[in-house]
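Observations on chain architecture
One letter stands for each residue in the lines below.
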Amino acid sequence: FTVLNGAVWRPEPAYRLNWFKGENALGTWTLDIRDDLATNTGTLNSWSLEVCEAPAPSGSVVYSENFEANNGGFTSGGTANEWEYGTPATLAQTVTAPFTAPFIGCASGVNCWKTDLDNTYDISSNQELTSPNIDLTTSTGTIRLYWQQRYQMENASFDRIWVKVTEVGDPANTRMVWHGDQQTMSEVNGAGASLANLAQSAGWGRYDADISDFAGKLIQVTFHLESDASNNLGGWAVDEVSVTAVPPPGAPTVTTPTS
């Protein structure tokens, strides 16, 4: 129909493709169409998937931590705090509510941080994981923060996660650089004839944010999770935190003198 030519259709909020952001796209992708109204018929003539590759991190590395040697000097605290350092090793996906997704391993290596390495995060929590000081006092130009993460959370109206950057010594100079906007990532996929239980989750994937406004500062990066009094899910895992800087055009190049 002419009225539908060129139309773009977005899935329901509980099935957003942005949960695949930053993940490895290699493999076989399958489109599953389900019609729960018996009187409707139709034919799918073709479908395709366009994968847009995120650019690789560029610039000089200002800070990098993969948590393999140790916990990177990160600290945690707060109410019902369960941030733990090590290897996530939860059991396989649960088959009864709340259909928790398994967290097994890290983005790379064997060590990372997660809200409880072998279970869900606690209810009624307000917990934070904070980096050591990251020195941007000599950094100029475009500065980007990168991190790998995986998460399975209840609806963002109830359980929230976000990443913020704060200037050391000036807590008023802080900015949220990413936040979860998910629907509940656990449900019975019971449309039509299917009664399969499907635990949703996002990651592992690489995320990034422009933090150029913190050039010349000492900063800390904080990963914040808060939850209500019910329905705690798989939680949040973080790995490979780094910062890069690309000096502005024409900036002087610092060289090491030789004798």
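The structure this text deals with has already been given above.
Notes on the structure in this doc start here. (Residues numbered from 1 in each chain as written. Predicted model: local features only at pLDDT ≥ 70, side-chain atom pairs only at ≥ 80, totals over all residues. Heavy atoms only, no water.)

1. Examining the side chain of Arg150
Rules: Here a helix means four or more residues in a row that DSSP labels H or I, a strand means two or more in a row labelled E, and each is numbered from the N terminus. Think of it in three bands: residues with accessible area under 20% of the maximum for their type are buried, residues over 50% are exposed, and the middle band is partly exposed, with areas taken using a 1.4 Å probe on protein chains only. Side-chain atoms alone can form a polar contact between residues adjacent in sequence; in general such a contact is a pair of N or O atoms within 3.5 Å, and within protein one must be able to donate a hydrogen while the other accepts it. Residue contacts are counted whenever heavy atoms from the two residues lie within 4.5 Å of one another.
Along the chain, the position of Arg150 falls in strand E7 (residues 142–152). A residue is classified by how much of its surface remains accessible, and Arg150, at 14% relative accessible area, is buried. Within polar-contact distance, the side chain of Arg150 engages the side chain of Ser201 at 3.0 Å. If we skip the residues at most four places from it in the chain, Arg150 touches Ala101, Pro102, Phe103, Ile104, Ser201, Ala202, Gly203, Trp204, Gly235, Trp236 and Ala237.

2. A short note on the state of the cysteines
Two cysteines whose sulfur atoms are joined by a covalent bond form what is called a disulfide. The criterion, for reference: What counts as a disulfide here is a pair of cysteine sulfur atoms lying within 2.5 Å.
In the structure shown here, the tally under the stated rule is one disulfide. One disulfide bridge connects Cys106 with Cys112, the sulfur atoms lying 2.3 Å from each other. One disulfide, between Cys106 and Cys112, carries an S-S torsion of -75° and so falls in the left-handed class. With a relative accessible area of 13%, Cys106 lands in the buried category. With a relative accessible area of 0%, Cys112 lands in the buried category.

3. Comments concerning the side chain of Glu226
Assignment of secondary structure puts Glu226 in strand E13 (residues 218–226). The exposure class assigned to Glu226 is buried, which follows from its relative accessible area of 16%. Side chain to side chain, Glu226 and Arg160 meet in a polar contact 2.8 Å long. Here the side chain of Glu226 touches His224 through a polar contact of 2.8 Å, side chain to side chain. Excluding residues that lie within four positions of it along the chain, Glu226 makes contacts with Ser125, Asn126, Phe158, Asp159, Arg160 and Trp162.

4. A few points about a nonpolar patch on the surface
Spelled out, the test is: Residues enter patches when they are more than 30% accessible in relative terms and free of salt bridges; like-charged ones are connected within 9 Å and nonpolar ones (Val, Leu, Ile, Met, Phe, Trp, Tyr) within 5 Å. Only the protein chains shown count as cover for residues, and all accessible areas are computed by the Shrake-Rupley method using a 1.4 Å probe. Counted as salt bridges are all cases of a side-chain nitrogen of Lys or Arg within 4 Å of a carboxyl oxygen of Asp or Glu.
A contiguous nonpolar surface patch, about 880 Å² in accessible area, is contributed by Leu17, Phe20, Trp29, Leu31, Ile33, Leu44, Trp47, Leu49 and Val51. Mapping Leu31 onto the fold places it in the segment before strand E1 (60–65). By relative accessible area, Leu31 is classed as partly exposed at 40%.

5. A short note on unusual backbone geometry
Look at the link from Gly203 to Trp204: it is a cis peptide, with omega at 0°. Phi at Phe67 is positive, roughly 65°, even though this residue is not glycine. For Asp116, which is not a glycine, the phi torsion comes out positive at approximately 75°.

6. Examining the packing of aromatic side chains
Inclusion rule: Note on ring pairs: Phe, Tyr and Trp rings are taken, using the six-membered ring of Trp, and paired if centres are within 6.5 Å. Classes follow the plane angle, with under 30 degrees stacked, over 60 edge-to-face and the rest tilted. A ring has a charge above it when a Lys NZ or an Arg CZ is no more than 6 Å from the ring centre and no more than 35 degrees off the ring normal.
Across all of its chains, the model carries nine aromatic pairs by this definition. Here Phe67 and Phe74 contribute two aromatic rings whose centre-to-centre distance is 5.0 Å and whose plane-to-plane angle is 75°, an arrangement assigned as edge-to-face. The pair Phe67 / Phe74 is uniform in exposure class, with both members buried. Taking 6.1 Å as the distance between ring centres and 20° as the angle between the ring planes, the aromatic pair formed by Trp147 and Tyr207 counts as stacked. With Trp147 in strand E7 and Tyr207 in strand E12 (residues 202–210), the pair connects residues that are 60 residues apart, well separated along the chain. Side by side, Trp147 and Tyr207 carry an identical accessibility label, which is buried. Three or more aromatic residues link up through ring pairs in this structure, and these residues are Trp83, Trp147, Tyr151, Trp178, Tyr207, Phe223 and Trp236. The aromatic ring of Phe103 is capped on one face by Lys114, whose charged end is 4.8 Å from the ring centroid. Positioned over the ring face of Phe103 is Arg150, at 4.6 Å from the centre of the ring.

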